[in-house]
Amino acid sequence: MLTAWLVLAETTAHASVAPYKTWTFAALLVLTLALLASEKVHKTVLVLLSALFCLLLAEAWHLLPHPEGDHHLPVYISMIEWEVIGIVIGATVFVEIAARSGLFTWISIKVLKASGGDPFRLLILFSILTAIFSAFLDNITAMIIIGSLTIVSCRKLEFDPKPFLITEGIMTNVGGLLTLISSIPNIIIGKTADISYMSFVFVAVPYTIVAIAVSMIVARMIFGRAVSPIRDPEARARNQALVAAFDEWETVDSKWYFYSSAVAVVLVILGFALKAQIPILNQFGIEVVAMMAAAIMMLLHARDVEHALDDVEWSLVFFFVGLFIIIGVMATAGVLLEIGRVLSWVTAAGGAYGAVVLMWLTAIFSSVTDNIPLAAMLAKIFGPTAQAAAEVPAAQWWAVVFGANLGGNITPIGSASTVVAVTIMKKNKLKITFLEFVRIGAIFALVQLVLASGYLLILQRVL
Amino acid sequence: MRERALQEFESLFERAAIPVLDIRHVPLGRLAVVVTGTPADESVVAVASTLAERFGSTCTRYVPAGQDAPDEATVFHSTAELIGQLRLGRADLVLVSLPSESGTDEPVDLDDLVFGVAAPILVLRKRLLDPRSPFHSILHSLNGNFRQTRNFSYPFSLALPEARLLLLHTIDQDEISDVREALRYTGEIDAQAEEQLLDELRRHGERYLRGVVEAARDEPFVPHYRLEVGPVVATVKQELESGRYGLLVIGRHAEGLSEISAAEYQLMHIVRDVPVLAL
């Protein structure tokens, strides 16, 4: 399965890299990933330093290509995937301004009211909402909005918020599968594999719906009485009155801001979905839609421009810059080629289940380390060039997408949203240990990964 | 940054939830009855007796000097002296009879009494056929001041089972006009902002009233609420003209501070057909 791209990948690596050089860079990569997982040093600083060191060492060992002529970019600039950075910046600015309009808090309260204050309905509705929000917002913002409302509403309803927060943290990762821009691994893989927004949605939505439904059954079994429907009519009436008393408009400062943001969100989603059909726009990448969305929002809400730009996760942007340089150097030094060989052997050993094996490996790695470098590295390994990427079977790309997104559910540090869920619990003095989370998260992840395995096998036949 | 965002969103949602009002019944253990030689004297005594029976209260009677007074009554020579006596007596509720006709010399200066005594004051100006009638149907006029929470304790305590209690919250149009005029000079308000201000006041009022109704879930009566925008005095008067109410409750004190709005001051003086409870 991987032989075609291996041939192409060899062309990316420097023609005659001495094995000791490749192994030195491999050791540097392992060290960087280990330090990333340990979280001892800020990840952006670590990656930038590592990128700088890799660049200097590669230059010293004459591994970096230096094209002839006047019109070329420095080698480290061309290593950076600017499309990914464009999407991240554009989407963050757009989401920041839209989130300030109160649109998402308004929807959240409406959903809370629709639950009627029943724990099981609340769990289901908040889980679906978390998944949908994380499809259109970033996972952290989605978790912060829903998590905060969960705390406040559970306080009023006298529910234990822990089962809700854990499930929501997990659901953000499931929702992260929904669209091409729902999570960074999706953006990276989608860009490399040249998957369109709508193709992504068509494949991801059926799985996500089934995964959410099954996860709700799992949640009901794990959390038992804490999320059981209320039978007592008096208690039901009381809870209904409590949630009905929430005022969704209280979270909206300006109705103009609110309605214009709602229209802009719809238009932007349509823009992402229909980009391929829109003349001129179809000549550009999805990052252009993201930047346009940000520009429209800044134009509509000029007052919030400075705040929104301040809230762009610049540390994440610089993290990407460093990460892409490291991966570029690793490709040049032949490290990715070696990893590819190992992966090729492993997936080949899996036979018809090669993609499934790849997904499980990706998930296990994602549970203990950042899924972004993993996705970026796998994207570079499988698709060093557009031609190589086109040769890779679609199921293999989806294996990485499923593994990278769902693996984060196994541990509390596996994804940013589960970290936020745990932070909310700690802030509210709700005790949860690492193992306690793993005991619950692993069951969810296991069920979701088993479902994804079956789905991958179907995809292998269909795509 | 996450911690800050979490805090911000949590506060936002807390604000969106209606206030949980802790409305407690007042014991009404001590009643002060001020009879001033008016046709309503008999009724004020009868109302006090009814309340004393319901709450097991003790009644102290206060009578102006020069009038026939029972032996146990305390005699006062001026409103200032009465205020001093009422303060010493630490009454939970003061019941006063006053003349029904305007322009008549009043034996007690109501304004001084209202500003001088912390306890709520129930003013009767007309004879009542049934001393329990004020507590069958109550109109509570509100001005949206969230510090009025303690005020609900009195109408909630006084209302009889099955009583009708209407919370009428009037957003004072005159006040909005004043704010608009003032802000227009600074350029800080336009038509859109004004509409938004009114909308905010409506929503705050609605939340507040729903909070009160929610707090009354276990009461033997069902409170209703209505939100109006307009001049307060005219709106309340119009509602009273329906003839359905036996008592008008108006706000006065805010956590022990003597505060009274112009509208409430007016209502206290012009409403004479039904008893007025100034909280």
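Being a predicted model, the structure only gives us computed values, none of them experimental.

Undergrad: I would appreciate a short explanation of helix H11 (residues 197–223) of chain A in the present structure.
TA: For an α-helix the count is 3.6 residues per turn, leaving residues at separations of three or four pointing the same way. Most pronounced at A:Ala204, the bend in H11(A) amounts to some 35°, and the proline A:Pro206 follows within four residues. A:Gly224 sits one or two positions beyond H11(A) and adopts a positive phi of about 50°.

Undergrad: Would you take a moment to explain the nonpolar core for this structure?
TA: Side chains of nonpolar character tend, in soluble globular proteins, to be buried together. Counting 167 residues, the largest nonpolar core has A:Phe25, A:Phe104, A:Phe320, A:Met330, A:Phe382, A:Trp398 and A:Phe402 as its most contacted members. No other element matches helix H16 (residues 314–332) of chain A, which puts 13 residues into this core. Core analysis: the second largest hydrophobic core is formed by 41 residues, B:Leu21, B:Ala163, B:Tyr208 and B:Leu209 among them.

Undergrad: Before we go on, may I ask you to explain the sheet that holds strand S1 (residues 30–34) of chain B in this structure?
TA: Strand pairing in a sheet takes place through backbone hydrogen bonds and is either antiparallel or parallel in direction. Residues and elements named next belong to chain B. Across the sheet, 10 strands lie side by side as S3-S2-S1-S4-S5-S12-S9-S6-S7-S8; this open sheet has mixed pairing. The open sheet has two free edges, formed respectively by strand S3 (74–76) and strand S8 (222–230), since each of these has just one partner strand. Recorded for the sheet is a direction-independent mean angle of 20° between the axes of neighbouring strands. Sheet analysis places strand S6 (residues 137–142) next to strand S9 (residues 247–250), joined by 3 bridges and oriented parallel. In the sheet register, Ile138 faces S9, and the bridge partner there is Leu247. On top of the sheet, helix H2 (residues 41–55) reaches S1, strand S2 (58–64), strand S4 (93–97) and strand S5 (121–124); it is set at about 155° to S4, its chief contact. Each of S1, S2, S3 and S4 is contacted by helix H3 (residues 79–89), which is oriented at about 145° to S3, the strand it contacts most.

Undergrad: What should I look at first to understand the packing of helix H7 (residues 119–136) of chain A against helix H8 (residues 139–157) of chain A in this one?
TA: Any two packed helices are characterised by how steeply their axes cross, that is the angle between the axes, and by the distance between the axes. All names here are of chain A. Closest axis-to-axis distance for the H7/H8 pair is 8 Å, and the angle between their directions is 160°. Between H7 and H8, the interaxial angle falls into the category roughly antiparallel. Taken as a pair, H7 and H8 cross one another with a handedness that is right-handed. Contact residues: Leu122, Phe126, Leu129, Thr130, Phe133 and Ser134 in H7; Asn139, Ala142, Ile145, Ile146, Leu149, Thr150, Ser153 and Leu157 in H8. Within the contact of H7 with H8, the residues separate by chemical class into 9 nonpolar, 5 polar and no charged.

Undergrad: In this structure, what is going on with the confidence of the model for chain B? I would like to understand it.
TA: The predicted coordinates should not be examined in detail at positions where pLDDT is low. Summarising the model, chain B shows a mean pLDDT of 83, and 86% of its residues fall at 70 or more. Low pLDDT (under 50) marks residues 254–258 of chain B, which in the prediction has 8 contacts with non-local residues, meaning those over four places away or in another chain.

Undergrad: Looking at this model, I keep getting lost on the interface of chain B and chain A. Mind explaining?
TA: In many reports, interface size means the accessible area that the parts give up when they come together. Contacts between the two partners involve 27 residues from chain B and, on the opposite side, 34 residues from chain A. Together chain B and chain A conceal approximately 2700 Å² of surface at their shared face, both sides included; 58% is due to carbon and sulfur atoms. Summed over the shared surface of chain B and chain A, the number is 4 salt bridges. One salt bridge in this structure joins B:Glu14 and A:Arg155, with 2.5 Å as the shortest N-O distance. Linking chain B with chain A are 6 residue pairs in polar contact (both at pLDDT 80 or more), by the criterion used here.

Undergrad: How should I be thinking about the pairing of S4(B) in this particular structure?
TA: The side chains of a regular strand alternate between the sheet's two faces. All names here are of chain B. Buried residues dominate S4, accounting for 5 of its 5 residues. Because side chains alternate across S4, one face comprises the buried residues Leu93, Leu95 and Ser97, and the other comprises Val94 and Val96, equally buried. Summarising the sheet, S1 and S4 pair through 4 bridges and their orientation is parallel. By the bridge assignment, Ala32 is partnered in S4 with Val94. As paired strands, S4 and S5 are joined by 4 bridges and run parallel to one another.

Undergrad: Any chance you could explain unusual backbone geometry here in plain terms?
TA: Backbone geometry follows two general trends: most residues other than glycine have a negative phi, and most peptide bonds adopt the trans configuration. Residues and elements named next belong to chain A. Here Glu158, not a glycine, exhibits a phi torsion of approximately 60°, which is positive. Turning to its location among the elements, Glu158 is positioned in the loop between H8 and helix H9 (161–175). Positioned with a positive phi, Lys429 is a non-glycine residue whose angle comes to about 55°. On the secondary structure map, Lys429 appears in the loop between helix H22 (416–427) and helix H23 (434–462).

Undergrad: Which parts of the structure should I look at to understand the packing of helix H10 (residues 184–193) of chain A against helix H19 (residues 371–382) of chain A?
TA: Residues and elements named next belong to chain A. At their nearest, the axes of H10 and H19 sit 9 Å apart, and the two run at 10° to each other. One element, H10, and the other, H19, form an angle in the roughly parallel class. Between H10, through Ile184, Pro185, Ile188, Ile189 and Thr192, and H19, the contact on the second element is made entirely by Asn371, Ile372, Ala375, Ala376 and Ala379. In terms of residue class, the contact of H10 with H19 is made up of 8 nonpolar, 2 polar and no charged.

Undergrad: What is the right way to look at the side chain of A:Asn405 in this model?
TA: Residue and element names in this part refer to chain A. Among the structural elements, Asn405 can be located in helix H21 (residues 394–406). A distance of 2.9 Å separates a polar atom in the side chain of Asn405 from a polar atom in the side chain of Ser183. From its side chain, Asn405 meets the backbone oxygen of Val401 in a polar contact 2.8 Å long. Residues within four places of Asn405 in sequence aside, it is in contact with Asn173, Gly176, Leu177, Ser183 and Asn186.

Undergrad: Hey, could you run me through the packing of aromatic side chains in this one?
TA: Aromatic ring pairs are defined here through the distance separating the ring centres and the angle between the ring planes. Residues and elements named next belong to chain A. One pass over the structure, following the stated rule, counts 21 aromatic pairs over all chains. Measuring from ring centre to ring centre gives 5.9 Å for Phe320 and Phe324, while their planes differ by 15°; the resulting arrangement is stacked. With Phe320 and Phe324 both in helix H16 and 4 residues apart, the pair spans about one turn of that helix. One exposure class covers both Phe320 and Phe324, and it is buried. The rings of Phe200, Tyr207, Trp398, Phe402 and Tyr455 are connected pair by pair, giving a single aromatic cluster. For the cation-ring pair, Lys43 lies above Phe319, with the distance from its terminal atom to the ring centre recorded as 4.5 Å.

Undergrad: When you look at the pattern of salt bridges in this model, what are you seeing that I'm missing?
TA: Note that side chains of opposite charge can pair when their charged atoms are close. Across all of its chains, the model carries 16 salt bridges over all chains by this definition. Here B:Asp273 and B:Lys126 are joined by a salt bridge, their closest N and O atoms 2.6 Å apart. Pair noted here: B:Asp273 is in the loop between helix H9 (262–270) and strand S12 (276–278) and B:Lys126 is in the loop between S5 and S6, with a separation of 147 residues, a long-range link. For B:Asp273, a relative accessible area of 60% translates into the label exposed. Note on B:Lys126: relative accessible area 36%, which makes it partly exposed. A single salt-bridge network, built from bridges that share partners, covers A:Arg155, A:Lys156, A:Lys427, B:Glu10 and B:Glu14.

Undergrad: Can you help me understand a nonpolar patch on the surface in this one?
TA: Residues and elements named next belong to chain A. There is a patch of nonpolar side chains on the surface, built from Val263, Val266, Leu267, Leu270, Leu274 and Ile278 and spanning about 500 Å² of accessible area. By the element assignment, Ile278 lies in the loop between helix H13 (255–274) and helix H14 (286–300). Residue classification places Ile278 among the partly exposed residues on the basis of a relative accessible area of 32%.

Undergrad: So what exactly am I meant to see when it comes to the confidence of the model for chain A here?
TA: Per-residue confidence for chain A gives a mean pLDDT of 87; residues scoring 70 or more make up 96%. Here residues 1–5 of chain A is modelled with pLDDT under 50, and outside its nearest four sequence neighbours on either side it reaches 17 contacts, counting other chains as well.

Undergrad: What is the right way to read the domain arrangement of chain B from this model?
TA: Residue and element names in this part refer to chain B. Annotation of chain B at the domain level lists domain 1 (25–129) and domain 2 (132–271). Between domain 1 and domain 2, the contact holds 22 residues from the first and 22 residues from the second. At the boundary of domain 1 with domain 2, total buried surface from both sides reaches about 1900 Å², with 63% on carbon and sulfur atoms. When the area that domain 1 buries against domain 2 is broken down by residue, the three leading residues are His25, Arg54 and Phe115, summing to 28%. Seen at the junction of domain 1 and domain 2, the total is 6 residue pairs in polar contact (both at pLDDT 80 or more). When contributions to the side of domain 1 that touches domain 2 are tallied by element, the ones reaching two or more residues are H2, helix H4 (110–116) and S5. Of the residues assigned to the side of domain 1 that touches domain 2, the class counts are 16 nonpolar, 2 polar and 4 charged.

Conventions and cut-offs
- Residues numbered from 1 in each chain as written.
- Chains lettered and ligands numbered in written order.
- Predicted model: local features only at pLDDT ≥ 70, side-chain atom pairs only at ≥ 80, totals over all residues.
- Heavy atoms only, no water.
- Bend = angle between axes of the 7 residues up to and from the residue.
- Helix = DSSP H or I, 4+ residues; strand = E, 2+ residues; numbered from the N terminus.
- Core = buried A, V, L, I, M, F, W, Y, C linked by side-chain atoms within 4.5 Å.
- Buried < 20%, exposed > 50% of the residue type's maximum accessible area, 1.4 Å probe, protein only.
- Pairing = 2+ DSSP bridges.
- Axes fitted to C-alpha atoms, helices over the stretch in contact; angles between N-to-C directions.
- Contact = heavy atoms within 4.5 Å.
- Parallel < 35°, antiparallel > 145°, perpendicular 65-115°, else oblique.
- Left-handed = near helix turned anticlockwise from the far one by under 90°.
- Nonpolar A, V, L, I, M, F, W, Y, C, P; charged D, E, K, R; others polar.
- pLDDT = per-residue confidence, 0-100.
- Buried area = accessible area lost by both parts, 1.4 Å probe.
- Salt bridge = Lys/Arg side-chain N within 4 Å of Asp/Glu carboxyl O.
- Polar contact = N/O pair within 3.5 Å; in protein donor to acceptor, adjacent residues only side chain to side chain.
- Phe/Tyr/Trp six-rings, centres within 6.5 Å; stacked < 30°, edge-to-face > 60°.
- Lys NZ or Arg CZ within 6 Å of the ring centre and 35° of its normal.
- Patch = residues over 30% accessible without salt bridge, like charges linked within 9 Å, V, L, I, M, F, W, Y side chains within 5 Å.
- Areas by Shrake-Rupley, 256 points an atom, 1.4 Å probe, with all protein chains shown as cover.
- Domains from an automatic or database assignment.

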